[in-house]
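# Topology and contacts: notes
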Amino acid sequence: MSSSNAAELYRRISTDGDLTQALFRQALQDPSGALVRIVEIGAAEGLPVTADEVRAHLTSVDDSATRQWLIKARGGL
């Protein structure tokens with residue numbers, strides 16, 4: 001697994017507004033389920049990641065939108 005996969009997956013998800021919103025809504029209701037979904041999306045996109053890699057990448061991203069997302073969804077992430 002690779003942190004570069006997590007970074008590329010984040011880039012792809014963030015460029016898809018509908019997917020980003022769907023994951024955000026899911027994270028508000030079921031944070032661990034959103035994390036599972038992100039890992040599944042990575043596998044489907046040929047970018048295998050672990051839940052820990054996703055968490056590590058999200059905490060390393062330095063933009064306000066991601067920080068706000070994490071604050072609201074932090075229960076399971």
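Residues numbered from 1 in each chain as written. Predicted model: local features only at pLDDT ≥ 70, side-chain atom pairs only at ≥ 80, totals over all residues. Heavy atoms only, no water.

### Examining the overall build of the protein chain
Defined as follows: Starting at the N terminus, helices and strands are each numbered in turn, a helix being any DSSP run of H or I of at least four residues and a strand any DSSP run of E of at least two. The buried label goes to any residue with under 20% of its type's maximum accessible area, the exposed label to any with over 50%, and the partly exposed label to all in between, with areas taken from a 1.4 Å probe on protein chains only. We call two residues in contact whenever any of their non-hydrogen atoms come within 4.5 Å of each other.
Broken down by element type, the protein chain carries 5 helices and 0 strands. Here the protein chain holds 77 residues, and the buried ones make up 34% of them. A separation threshold of at least 6 residues defines the contact pool for the protein chain, and within that pool the share at least 24 residues apart is 56%.

### Here's the deal with the side chain of E53
For clarity, the cut-off: Under this rule, positive means Lys or Arg and negative means Asp or Glu; His and the chain ends count for nothing. Throughout this description, the term salt bridge denotes a Lys or Arg side-chain nitrogen within 4 Å of a carboxyl oxygen of Asp or Glu. Throughout this description, a polar contact denotes any pair of N or O atoms lying within 3.5 Å of each other; where both atoms belong to protein, one of them has to be capable of donating a hydrogen while the other can accept it, and for residues adjacent in sequence the pair is counted only when both atoms sit in side chains.
Structurally, E53 can be placed in helix α4 (residues 51-60). Here E53 occupies a buried position and makes no salt bridge, while the nearest side chain of opposite charge, R55, is found at 10 Å. Reaching out from E53, the side chain makes a polar contact with the backbone nitrogen of T50 at a distance of 2.9 Å.

### Remarks on the confidence of the model for the protein chain
Applied cut-off: Residue-level confidence of the predictor is summarised by pLDDT, bounded by 0 at the bottom and 100 at the top.
Across the protein chain, the average pLDDT comes to 84, with 82% of residues at or above 70. Across the protein chain, element-level confidence peaks in helix α3 (residues 31-44) with a mean pLDDT of 93 and bottoms out in helix α5 (residues 64-73) with 67.

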